[in-house]
Amino acid sequence: MSFLLHMRGTARFNLFVCILSSFLPLIFLIVGTKKTLWTNFQEICSMMRRSPDHVFQFMMAELGTEGSIDGNQRLVIRGKFVPRYIESLLRKYVGEYVICQMCRSYNTTLKRDQTSRLYFVECVPAEQSSEKGGCGSSRSVAPIRAGYHAQTRADRRAVRNAT
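Figured I'd write up the structure that's included with this text. Everything numeric here is computed off the predicted structure, so don't read it as measured data.

Calculation notes
All residue numbers here refer to positions counted from 1 along the written sequence of the relevant chain. Since the coordinates come from a predicted model, pLDDT governs what is reported: local features require at least 70, and pairs of side-chain atoms require 80 or more to be given and counted, while whole-chain, interface and lining totals use all residues. Hydrogen atoms and water are omitted, and side-chain values are computed over all heavy atoms in the structure. Comment: elements are numbered from the N terminus, with helices defined as DSSP H or I runs of at least four residues and strands as E runs of at least two. Buried residues are those whose accessible area, probed at 1.4 Å on protein chains only, stays under 20% of the maximum for their type, while exposed residues exceed 50% and partly exposed ones sit between those limits. In this description, contact between two residues means that some pair of their heavy atoms is separated by no more than 4.5 Å. Areas reported as accessible are Shrake-Rupley estimates using a 1.4 Å probe. Residue values count occlusion only from the protein chains shown. To get an axis, a line is fitted to the C-alpha atoms, and for a helix only the part in contact is used. The angle between two axes follows their N-to-C directions and goes from 0 to 180 degrees. Comment on the angle field: the value is read as roughly parallel under 35 degrees, roughly antiparallel over 145, roughly perpendicular from 65 to 115, and oblique elsewhere. Crossing handedness is read from the near helix: turned anticlockwise from the far helix by less than a right angle, it gives a left-handed crossing, and turned clockwise, a right-handed one. Nonpolar residues are Ala, Val, Leu, Ile, Met, Phe, Trp, Tyr, Cys and Pro. Charged residues are Asp, Glu, Lys and Arg, and all others, Gly as well, are polar. In this description, strands pair whenever DSSP reports at least two bridges between them. For this document, the term salt bridge refers to a Lys or Arg side-chain nitrogen within 4 Å of an Asp or Glu carboxyl oxygen. Working definition: rings of Phe, Tyr and Trp (its six-membered ring) pair if their centres are within 6.5 Å, and the pair is stacked with planes under 30 degrees apart, edge-to-face with planes over 60 apart, and tilted otherwise.

### Some remarks on the overall build of the chain
Now for step 1: Of regular secondary structure, the chain possesses six helices and seven strands.
Now for step 2: Expressed as a percentage of its 163 residues, the buried residues of the chain come to 31%.
Now for step 3: Long-range pairs, those at least 24 residues apart, make up 50% of the contacts in the chain with a sequence separation of at least 6.
Now for step 4: If you sum the accessible surface of the chain, you get close to 10200 Å²; carbon and sulfur atoms cover 53% of it.

Structure follows, in structure tokens:
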């Protein structure tokens with residue numbers, strides 16, 4: 001019932017995130033006062049067919065903070081974040097790096113060209129996939145750029161101790 005409510009009036013990539021979160025809800029824990037833990041990070045990345053490292057880089061650049069992937073493939077984010085905000089970032093990632101812009105299919109792959117170092121989203125044609133078809137198009141996507149990084153006390157100490 002709630003899935004049908006999510007379907008009304010949403011774009012295809014919003015539908016994909018709703019499907020994704022209805023099968024695997026995004027599970028977050030607040031660890032202490034300064035850490036957020038995304039426990040099913042690996043499962044979400046595998047459902048999107050994207051490398052956890054690429055999704056990790058995107059999330060850290062958009063959140064403007066630091067983090068790591070622990071031994072259990074969980075994402076540990078430095079800072080206290082609301083799950084709704086991280087879900088909106090996941091929607092942005094899906095829109096930029098997962099959905100095909102031509103046919104709006106989510107059956108795509110992300111490949112990196114070694115010579116130009118650009119990333120390309122390639123839609124998998126219907127003949128090559130058992131899922132609903134794609135158009136076979138390819139488009140380049142913007143590289144992940146690091147956002148604003150505030151200078152912390154540790155950064156100031158490192159500069160002072162280096163001289």
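This is not the end of the story, as more comes after the structure.
### A short note on the packing of helix H4 (residues 52-63) against helix H5 (residues 83-97)
Now for step 1: Relative to each other, H4 and H5 sit at 125 degrees, their axes nearing to 11 Å. If you check the angle between H4 and H5, you find them oblique. Where H4 crosses over H5, the two elements pack in a sense that is right-handed. Each of His54, Val55, Phe58, Met59, Glu62 and Leu63 in H4 lies in contact with H5, whose residues at this interface are Tyr85, Ile86, Leu89, Leu90, Lys92, Tyr93, Glu96 and Tyr97.
Now for step 2: For the contact of H4 with H5, the residue count by class is 10 nonpolar, one polar and three charged.

### With respect to the sheet that holds strand S1 (residues 28-31)
Backbone hydrogen bonds are what pair the strands of a sheet, in a parallel or an antiparallel way.
Now for step 1: Ordered in space as S1-S2-S4-S3, the four strands form an open sheet in which the pairing is antiparallel. Of all the strands in the sheet, the pair left with one neighbour each is S1 and strand S3 (67-69). The sheet shows a mean angle of 20 degrees between the axes of neighbouring strands, taken without regard to direction.
Now for step 2: For S3 and strand S4 (residues 75-78), the ladder comprises three bridges, and the chain directions are antiparallel. By the bridge assignment for S4, Ile69 is matched with Leu75.

### Focus on the pattern of salt bridges
Now for step 1: Applying the stated criterion to the full structure yields five salt bridges.
Now for step 2: As a salt-bridge pair, Asp70 and Arg74 come within 2.9 Å of each other at their nearest N and O atoms.
Now for step 3: On the basis of relative accessibility, which here comes to 25%, the residue Arg74 falls in the partly exposed class.
Now for step 4: Note that Arg91 is salt-bridged to Glu87, the shortest N-O span being 3.1 Å. Residue Arg91 and its partner Glu87 are both found in helix H5; the two are separated by four residues, about one turn of the helix.
Now for step 5: The exposure class assigned to Arg91 is partly exposed, which follows from its relative accessible area of 24%.

### A look at the packing of aromatic side chains
Now for step 1: Counting across every chain of the model gives six aromatic pairs.
Now for step 2: Through successive ring pairs, a cluster of aromatic residues spans Phe28, Trp38 and Phe41.

### Observations regarding the sheet that holds strand S6 (residues 119-123)
Now for step 1: Read from one edge to the other, the open sheet built from three strands follows the order S5-S6-S7, with strand pairing classed as antiparallel. Of all the strands in the sheet, the pair left with one neighbour each is strand S5 (108-112) and strand S7 (138-141). The sheet shows a mean angle of 30 degrees between the axes of neighbouring strands, taken without regard to direction.
Now for step 2: Strand direction decides the pairing type here: S5 and S6, joined by five bridges, are antiparallel. Residue pairing for S6: Lys111 is matched across the bridge by Phe120.
Now for step 3: The strands touched by H5 within the sheet are S5, S6 and S7, with S7 carrying the most contacts at an inclination of about 130 degrees.

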